Structure formats: C-alpha cells, structure tokens
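# Report on the structure
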Amino acid sequence: MARSRRRSGRPQKTPDTAGATDDDSQAQLVLEGEENGRDEDDKCPACKDNPIDGAVLGEQLAADKEKWVRCDACKTWFHWRCVGQGGDLDAVDKWFCRPCLNADPARVITMKPPARKSSRKKPQRDYAGLNTGNEADPSRFLRMMEGRVIKRDPFARMKGSDVGIEWLENDQDAMNEPIMVESEEGLGMKMPPDGFTVADVVEALGQDHPVEVIDVATQSNTPNWTLGKWLEYWNTEPAKRDKIRNVISLEISGTPLADRVLPPRIVRELDWVEKFWPNTKKGRGHNYPKVQLYCLMGVGGAWTDWHIDFAGSSVYYHILNGAKVFYFIRPTPANLAAYERWSGTEVQNHSWLGDMCDEVFKVELKTGNTMIIPTGWIHAVYTPVDTLVFGGNFLHSYNVQTQLRVREIELATHVPKKFRFPYFARLCWYAGEKYLRDLKAKEEFPPRVLESVEALVDFLVSETRAMERGTDSAKRQAKEEVPGDRIKDAPALARELRWRVRHAAGYSSDDDSRNGRKARSTANGDITNGIGNKRKRITMESSEDSIDLFRNFKRPSWDRVEERPTEQESEMVKARRPDPKSQEWVHEWTGGDKSMDVEGGSEARVERKRDVIVKVRKTAKGLERQRVERVLEEWVWTGGGGSSTASSAPNSKLGKASEGHDAAERRVQLRAKAEAAEQDAKMEDVGGSTPEPVATPAPTAVPGLRTESQTET
C-alpha cells in the first residue's frame with residue numbers, strides 16, 4: 001500500500017537496490033542543521049527530472065504541507081507534486097515509481113474503492129444525553145409544562161405613539177414590565193416590507209455568510225453552518241427535516257440588510273451604545289457592541305429554554321411573519337436567585353424553572369406585533385410555526401441595578417465570554433464619563449436615573465479597586481477596559497462621579513454607607529435631586545472636630561480664627577402677633593424686618609444676641625477671609641390683642657430667657673463651630689468662592705417667637 005504523510009522533517013532516501021519487500025521498513029529521517037545540506041534533503045529522485053522554482057518550493061516547505069509518497073517496490077520516497085500528476089494521493093491504494101513500473105509490467109497502480117453511502121436516514125442518537133439518562137427530545141420542554149399553572153399576562157397593550165420619553169418620566173412602572181404594541185405605527189421604527197422571507201435575508205447577506213444554528217433538542221450550537229445551508233434546511237418540508245433547529249444570534253449591523261431595519265424610537269433614545277459610545281468608533285473597522293440588530297429565524301416546534309438576555313439588557317422584538325409564545329418570570333431577588341441555582345446545572349435538564357419561582361405569565365405574539373422586554377426578565381420562547389423576527393438588545397439608565405445583578409449571575413454561573421454583552425465594562429466607563437460632564441453642568445435627572453447612576457458608580461469604583469489592589473491579571477484586565485480616548489485617570493473619574501452623584505441625590509457625606517441620605521423635598525414641597533441647592537446646615541450640637549463630612553477629606557486649616565464677644569441688645573417694637581391657626585406667618589417672618597414696627601400691632605420685647613466669627617488664611621492667589629455672623633432674636637408680646645397668657649406673664653417669659661442665657665450661649669457657639677465646618681467644606685467644593693447667606697426659620701415659641709439668622713461674607 002502506498003504510504004503518504006506530511007513531512008515536518010526531511011527524509012534521507014535509502015533505496016533498496018536488492019528490491020527489498022519488507023513493508024515495515026521505515027525511511028530514515030535526519031534533520032540537518034547546516035544550511036548547505038538542506039537543498040539536497042528537500043529533493044526527491046523525480047526532482048532532477050522535474051525542477052521546481054525555488055521560491056515556490058520554499059513557500060510549500062514553509063507552510064509544512066509537503067506530501068510524500070513511497071514506492072511499494074523500491075521503498076523510495078518521492079514528492080507527490082513531482083510524480084502525482086495532480087491526482088488525489090488519499091485515493092491511491094498501491095503506487096509504484098516509473099523505474100519499477102518499467103522493470104516489471106505486472107505492477108499496476110491501484111486506487112481505493114469508494115466509500116459505501118446509503119440514501120437512508122441514520123437515526124441521530126444523543127449519546128451524552130443517554131449517558132446522563134436524558135435522551136434529547138425537542139418536545140420534552142413542552143411536556144415539562146403539562147399540568148403547570150401558567151397565568152395570563154397582566155402586561156399593558158400600548159399604542160406606538162405613546163411609547164416615548166414622556167411615558168418613562170410620568171409612569172413609574174415604565175420599563176419595569178413588558179409591553180406589547182400590536183401595530184408598528186407610531187413606534188418610529190423601520191422594518192422590511194410584508195412578504196420579506198428568509199430567501200431575501202440570504203440574498204442580502206450572501207449564501208456563504210456563517211450563521212450559528214441551535215439544535216433545539218440539546219440547546220447547543222451546531223457548527224459549520226452557512227446561510228445557504230440554512231435556506232436549504234428552511235425550504236425543506238417540516239416532516240422531512242432531520243432536526244428542529246433555530247437561529248437566534250444572527251447580528252446584521254454593518255450589512256446591506258441593516259439599512260432596511262431601524263429600532264423603535266424609544267430604543268434609540270435610551271440605548272447606551274447610541275448615547276455614549278463615540279460615533280467615531282462605531283461602524284465598519286471598529287470594535288463596538290454590535291447587539292442592536294438581530295435577525296431571528298425559527299422553525300415550527302423550536303424552543304428557547306429559560307434565559308436572561310446578556311447583562312440584563314432590554315429587548316425589542318418585532319414579528320415580521322409567523323408567531324411566538326413567550327413565558328415570563330419577574331426578576332425579583334428570589335426569582336433571580338432561583339435562576340442562578342437552576343442555570344448551568346444538572347437541574348436544568350429535568351426541571352421546570354417555574355416550579356422554583358412565584359409565577360409564570362404567558363404572552364402570544366403574531367405577525368406585526370412588537371414587544372419590549374425590560375431589564376432582567378427571565379423568559380422562554382416557543383415557536384409554533386416558521387417565524388422570521390427582527391429585534392435587538394440595549395442597555396439603558398432606568399434599571400442599572402438589575403443589569404449589574406444579571407452580570408454577576410453570568411460570572412457566577414461561568415457563562416462563556418462569547419455569550420456575554422460585548423465590551424460591557426468599556427461601555428460603562430463611557431456612560432460614567434458622560435454623566436460626570438452632565439453633573440458638572442448642573443443637569444438634572446429623574447430620580448430613577450439618578451439611582452441607576454449611583455449603581456453604575458459602585459461598579460466603576462469596584463473596577464478602580466481592581467486596578468489598585470487586584471492581582472496582576474485583574475489589574476491588567478481592568479485597565480484594558482478603560483477607554484483611553486476619553487478617560488485619562490479612571491480612579492479619579494470614578495471617585496469624583498461618586499461624590500457628585502451622591503451630592504445630587506442629597507447625601508450629607510461621601511462615606512461608603514448610605515445611612516445619611518437627606519430628604520429630597522424642599523420647603524415648598526417641590527421634589528429635587530439636589531442639583532443647584534447647597535447642603536443644609538448641620539444642626540447637630542457637636543464640635544468641629546467630631547464632624548466627619550467626607551471620607552478621606554482633609555479640611556484646609558485657617559491661619560487665624562477670631563470669635564468676637566457676644567453682643568446683646570433689647571428693644572420694644574410693635575408687630576403683629578403670629579396667627580397659630582395659619583402657616584402664612586412663616587413666609588412673612590422669613591422676610592426680615594417686614595413684620596417689625598407695624599401700625600396697629602402689639603407691643604413686643606425683642607431680645608437680640610449677635611455672635612461673629614472671623615477667619616483668615618493665605619491662598620495661592622492672595623488672601624481669603626470669612627466672616628460668619630449669627631443673630632438670635634426672641635420676641636415676647638406684652639399685650640394688645642394677645643391672649644391672656646401672653647399679657648399676664650411677659651416677665652415670666654423674659655425670666656425664662658434670662659435663666660437659659662448661658663445654655664443658649666453654649667448652643668450658639670457649638671452651632672457656630674458646626675456651621676464653620678460646613679462652610680469650610682462648601683468653600684472647598686467651590687474652590688474658595690464666597691458662599692451665599694443662609695437663613696433658616698426657627699420654630700414658634702409660646703407665647704412669643706424666636707428667630708435666628710446667619711450672614712456669611
């Protein structure tokens with residue numbers, strides 16, 4: 001039998017002049033080290049009669065694809081390119097060189113018989129499934145649902161024109177539950193026309209375009225498929241298809257077909273890739289998250305088992321023709337934990353995830369329907385008939401917390417990187433950099449967005465810690481994810497963004513805990529996220545040293561701090577007494593002296609105390625001085641339209657004020673120190689600029705009134 005092989009070494013030919021017939025003898029291989037011996041070793045006896053261009057020979061040897069054949073008579077090795085005359089060496093059974101054929105006419109080169117093929121279908125056996133006791137069956141998923149409680153969905157049916165940013169801002173449940181739009185009118189999207197088929201998909205992308213095909217029975221990829229092969233399978237009658245197959249990951253960005261598909265308007269307005277990824281780094285020739293445009297093709301009977309789209313991304317899903325049946329599970333903490341236990345384990349092969357969760361909803365879609373699936377929803381999909389779908393994935397700023405939670409599940413269950421959201425961390429850095437610029441520009445955000453940015457900040461800070469404290473591989477990986485075109489100092493950006501977003505959210509400090517969060521409502525009841533508002537004054541009675549405003553913050557010291565003696569004065573004025581049945585007096589009295597010396601008012605004694613603190617220090621540009629003046633007034637009406645209690649006991653009130661003078665003075669001093677500490681922090685925030693006056697109304701005293709004001713210059 002002719003012997004052939006690909007040579008990595010070089011044969012030294014040892015012809016048997018006696019015509020030896022020992023087939024088990026081997027050609028001796030010698031690897032020559034000197035350059036001057038290589039040319040001889042690379043030649044065969046036929047090379048002398050059939051010279052080959054040296055450049056061509058060098059390329060063939062460098063590629064390590066040289067084929068050799070041995071004569072079955074003289075045992076001499078030849079280049080197949082020299083003696084094969086373009087034939088197929090693998091088809092040769094016995095081969096003889098030309099000298100041996102001439103020496104013995106009985107010798108004949110013979111070929112191997114062709115492999116026997118049968119037109120009958122061979123049964124496909126899943127030996128892996130048999131080994132585990134679970135033979136693959138595409139209908140086993142439907143059998144699992146038998147007898148299970150599946151509820152009718154409570155999801156909203158909306159008009160396309162109603163699905164927009166206003167819907168997100170006015171409806172707290174927006175993008176928290178799936179919605180279905182029966183007609184694409186008003187959605188602001190573009191889809192191929194009616195009658196568009198899989199054949200049109202193949203024509204647009206090319207028959208040789210590779211495609212990942214899922215074997216429904218095993219829920220695994222089938223290699224070496226092209227669109228041409230898929231079209232042939234698609235056109236096969238359902239009864240004659242060898243298996244139930246599905247295509248769910250054909251991304252078409254940058255192809256001619258992409259020009260015929262445009263996601264819904266709401267998707268384009270929310271998509272992080274559209275909003276934050278630089279336009280100069282998208283398109284052909286650039287690496288970026290290509291997840292916006294997918295073409296899905298499933299035959300009748302196809303099933304996609306329970307899953308969450310990568311990184312918890314949201315999905316838009318349009319049925320061009322056909323039908324789909326969705327099964328949904330809410331992404332509650334308990335359900336996500338159950339999904340994590342179920343995913344990627346043996347339990348997945350023989351159990352229904354719905355049994356481990358609270359409830360399952362069913363939604364049926366038909367031709368022309370569009371569904372938007374929010375972040376993190378667990379779902380499975382059944383295809384009752386051959387169906388063509390266009391859809392896509394997108395990350396957004398209305399539920400970053402769940403997106404990050406799903407990413408943690410992917411890492412915990414060892415989901416291969418190929419099936420995770422591409423360039424996820426890099427996209428998060430781009431989003432963080434944009435939000436930092438917006439916060440610096442005093443842009444306001446809805447509360448839901450602000451909470452999502454807080455979650456994003458936590459992720460970026462964790463990436464920063466990996467750069468600073470992680471292993472060498474973790475440091476390298478974290479640094480590679482930072483987009484150097486936009487971010488020069490990632491740790492500084494992450495920490496500044498954390499400070500700014502917590503300040504915008506109303507936190508009193510930048511510590512790692514979130515126990516110090518302030519109320520978001522202002523005095524007049526308006527809701528604010530903190531943008532443009534100064535921090536409220538600290539009212540706790542403590543010394544300056546005990547106030548920890550910022551973690552790792554070192555307050556610049558003053559060169560001199562002078563506390564001037566408290567000034568006291570008393571006078572009698574006429575003023576209207578506050579009406580206890582109305583709150584209008586609060587706005588009236590915060591207006592300064594407008595309520596003093598009013599004709600027809602009652603006489604009132606005003607006890608006034610003034611504390612002044614002056615601070616000075618040198619700065620890089622010159623000198624900085626801060627003067628804090630606090631005025632505390634106590635009003636007591638002595639009669640004239642007042643109650644009997646007020647008119648009969650004015651001296652009692654003054655006596656109480658006098659008795660508590662020392663304690664009040666101590667409280668004033670402590671408050672002044674706390675106030676000074678707060679102002680130091682504010683001046684550090686604004687680069688030493690002079691803060692504006694702050695006035696805080698005090699609660700009503702009975703039977704009089706106490707007011708307090710502060711002026712800083």
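Scroll up to find the structure.
Attention here is on the structure that accompanies the text.

## Looking at the overall build of the chain
Check the secondary structure of the chain and you find 22 helices and 23 strands. Expressed as a percentage of the 713 residues in the chain, the buried residues total 43%. Surface exposure of the chain reaches about 38,500 Å², of which carbon and sulfur atoms provide 48%.

## Thoughts on unusual backbone geometry
Here the phi dihedral of Y423 falls at roughly 55°; this positive angle occurs in a residue that is not glycine. Secondary-structure assignment places Y423 in the loop between α14 (400–412) and α15 (424–440). Phi at K442 is positive, roughly 65°, even though this residue is not glycine. Note on placement: K442 falls in the loop between α15 and α16 (447–469).

## Overview of helix α9 (residues 227–234)
A large share of α9 lies buried, amounting to 6 of its 8 residues. Listing the buried residues of α9 in full gives L227, G228, W230, L231, Y233 and W234.

## Digging into the nonpolar core
W230, L250, M297 and F390 are the most contacted members of the largest nonpolar core, which has 105 residues in total. With 24 residues, the next largest nonpolar core counts V216, I378, A380 and V406 among its residues.

## Topic: the pattern of salt bridges
One side chain can pair with another of opposite charge once the charged atoms of both are near each other. Following the criterion strictly, the structure yields 28 salt bridges and no others. In this structure, R500 and E496 form a salt bridge, with 3.1 Å as the shortest nitrogen-oxygen distance. Placement of the pair is R500 and E496 together in helix α18 (residues 490–505), with a separation of 4 residues, close to one helical turn. Among the residues examined, R500 registers a relative accessible area of 23% and is labelled partly exposed.

## Topic: α14
If you check α14, its first and last C-alpha atoms are 18 Å apart, about what 13 residues at 1.5 Å a residue would give, namely 18 Å. Every buried residue of α14 is listed here: V400, T402, Q403, L404, V406, I409 and E410. Tucked inside the fold, the buried residues of α14 contact α11 (272–276), α12 (333–342), α15 and α16. Positioned one or two residues after α14, H414 has a phi angle of 60°, which is positive.

## Description of the environment of R498
Its place among the elements puts R498 in helix α18. R498 sits in the buried class, given a relative accessible area of 7%. Residues R498 and D458, spaced 40 residues apart in sequence, show a C-alpha to C-alpha distance of 7.7 Å.

## A short note on the packing of aromatic side chains
Scanning the entire structure with this criterion turns up 24 aromatic pairs. Judged by centre distance (5.7 Å) and plane angle (85°), the ring pair of F155 and F328 falls under edge-to-face. One end of the pair, F155, is in the loop between β6 (151–152) and β7 (156–157); the other, F328, is in strand β15 (residues 323–329), and 173 residues separate them in sequence. As far as the burial class goes, F155 and F328 line up, both buried. Each ring, one from F310 and one from F421, has its centre 5.4 Å from the other, and the planes form 80°; the classification is edge-to-face. Of this pair, F310 sits in the loop between β13 (302–307) and β14 (314–321) while F421 sits in the loop between α14 and α15, and the two are 111 residues apart along the sequence. For F310, a relative accessible area of 16% gives the class buried. By relative accessible area, F421 is classed as buried at 6%. Aromatic rings pair up to connect F155, Y317, F326, F328, F361 and W377 into one cluster.

## Some remarks on the packing of α15 against α16
To describe two helices that pack against each other, one gives the angle between their axes and the distance between the axes. Here α15 crosses α16 at 120°, and the two axes come no closer than 10 Å. If you check the angle between α15 and α16, you find them oblique. Considering how the two elements wind past one another, α15 and α16 form a crossing that is left-handed. Mapping the contact onto sequence places F424, A425, C428, W429, A431, G432 and Y435 in α15 and V449, V453, L456, F459, L460, E463, T464 and M467 in α16.

## Notes on the sheet that holds strand β8 (residues 179–181)
Taken together, the 9 strands give an open sheet; going across it, the order is β7-β8-β17-β14-β19-β12-β11-β9-β10, and neighbouring strands pair in mixed fashion. Of all the strands in the sheet, the pair left with one neighbour each is β7 and β10 (220–222). Pairing between β14 and strand β17 (residues 370–373): 4 bridges, direction antiparallel. Counted as the bridge partner of Y317 is M371 from β17. Against the sheet, α9 contacts β9 (213–215), β11 (245–251), β12 (294–298) and β19 (387–394), and its axis sits at roughly 145° relative to β11.

## Observations concerning the sheet that holds β6
Taking strand neighbours across the sheet as the criterion, the 5 strands line up as β6-β16-β15-β18-β13 in an open arrangement whose pairing is mixed. Either end of the sheet is taken by a strand with one partner, and the two such strands are β6 and β13. Summarising the sheet, β15 and strand β16 (residues 361–366) pair through 6 bridges and their orientation is antiparallel. When the sheet's bridge partners are listed, A323 is paired in β16 with K366. Against the sheet, α12 contacts β13, β15 and β18 (378–383), and its axis sits at roughly 115° relative to β13.

## So, the state of the cysteines
Here the structure, examined in full by the defined rule, presents 0 disulfides. Cysteine C44 shares no disulfide, and the gap to the nearest cysteine sulfur, in C47, comes to 3.5 Å. On the accessibility criterion, C44 (3% relative accessible area) is buried. Counting only cysteine sulfurs, C71 is the nearest neighbor of C74, a cysteine outside any disulfide, at a range of 3.7 Å. For C74, a relative accessible area of 14% puts it in the buried group.

## Remarks on the pairing of strand β2 (residues 67–70)
Where β2 meets strand β3 (residues 77–79), 3 bridges bridge the pair, whose relative direction is antiparallel. Each residue of the ladder has a partner; that of V69, found in β3, is F78. Taken together, β2 and the strand that follows it, β3, pair antiparallel across an intervening segment of 6 residues, in which K75 is found at a positive phi of about 65°.

## Digging into the pairing of strand β21 (residues 602–618)
On any regular strand, side chains alternate: one points to one face of the sheet, the next to the other face. Bridge count between strand β20 (residues 560–575) and β21: 14 bridges; the pairing is antiparallel. In the strand pairing of β21, S570 is matched with E607. Examined bridge by bridge, β21 and strand β22 (residues 623–637) share 15 bridges and lie antiparallel to one another. Across the sheet, residue V614 finds its bridge partner in β22, namely R627. Linking two consecutive strands that pair antiparallel, namely β21 and β22, is a turn of 4 residues; a positive phi of about 155° is found at G622 within it.

## A word on the packing of α16 against α18
Two elements in contact, α16 and α18, have axes whose closest approach is 9 Å; the angle formed by their N-to-C orientations is 155°. Here α18 runs roughly antiparallel to α16, going by the angle between their axes. Considering the relative orientation of α16 and α18, their crossing is left-handed. Touching L450, V453, E454, V457, D458, L460, V461, T464, R465, M467 and E468 of α16 are A490, P491, A494, R495, L497, R498, V501, R502, A504 and A505, all from α18. Looking at the contact of α16 with α18 residue by residue, the classes come out as 13 nonpolar, 1 polar and 7 charged.

Thresholds, definitions, all that
- Each chain carries its own residue numbering, running from 1 in the direction its sequence is written.
- Since the coordinates come from a predicted model, pLDDT governs what is reported: local features require at least 70, and pairs of side-chain atoms require 80 or more to be given and counted, while whole-chain, interface and lining totals use all residues.
- Side-chain figures throughout are based on the complete set of non-hydrogen atoms in the structure, without hydrogens or water.
- By the criteria applied, helices consist of DSSP H or I runs no shorter than four residues and strands consist of E runs no shorter than two, each listed in order from the N terminus.
- Each residue gets one of three labels from its accessible area relative to the maximum for its type: buried under 20%, exposed over 50%, partly exposed in between, using a 1.4 Å probe on protein chains only.
- The Shrake-Rupley method, run with a 1.4 Å probe sphere, supplies the accessible areas, and residue values consider only the shown protein chains as cover.
- Put simply, a nonpolar core is a bunch of buried Ala, Val, Leu, Ile, Met, Phe, Trp, Tyr and Cys residues held in one set by side-chain atoms that sit within 4.5 Å of each other.
- Only one rule defines a salt bridge in this text: a Lys or Arg side-chain nitrogen within 4 Å of an Asp or Glu carboxyl oxygen.
- Take the residue count of a helix, subtract one, and multiply by 1.5 Å to get its expected span.
- Contact criterion: two residues are considered in contact whenever any of their non-hydrogen atoms come within 4.5 Å of each other.
- Any two rings among Phe, Tyr and Trp, with Trp reduced to its six-membered ring, count as a pair given centres within 6.5 Å; such a pair is stacked if its planes are under 30 degrees apart, edge-to-face if over 60, and tilted if neither.
- Helix axes use the C-alpha atoms of the stretch in contact, all axes being lines fitted to C-alpha atoms, and the angles between their N-to-C directions lie in the range 0 to 180 degrees.
- Oblique is the label for every angle not falling under 35 degrees (roughly parallel), over 145 degrees (roughly antiparallel), or within 65 to 115 degrees (roughly perpendicular).
- Note on convention: near helix rotated counterclockwise from far helix by under a right angle means a left-handed crossing. Clockwise means right-handed.
- Strands are labelled as partners when DSSP assigns at least two bridges between them.
- Working definition: a disulfide is two cysteine sulfur atoms within 2.5 Å of each other.
- Amino acid classes used here: Ala, Val, Leu, Ile, Met, Phe, Trp, Tyr, Cys and Pro are nonpolar; Asp, Glu, Lys and Arg are charged; the rest, including Gly, are polar.

Such coordinate-based values are descriptive only and should not be taken to indicate function.
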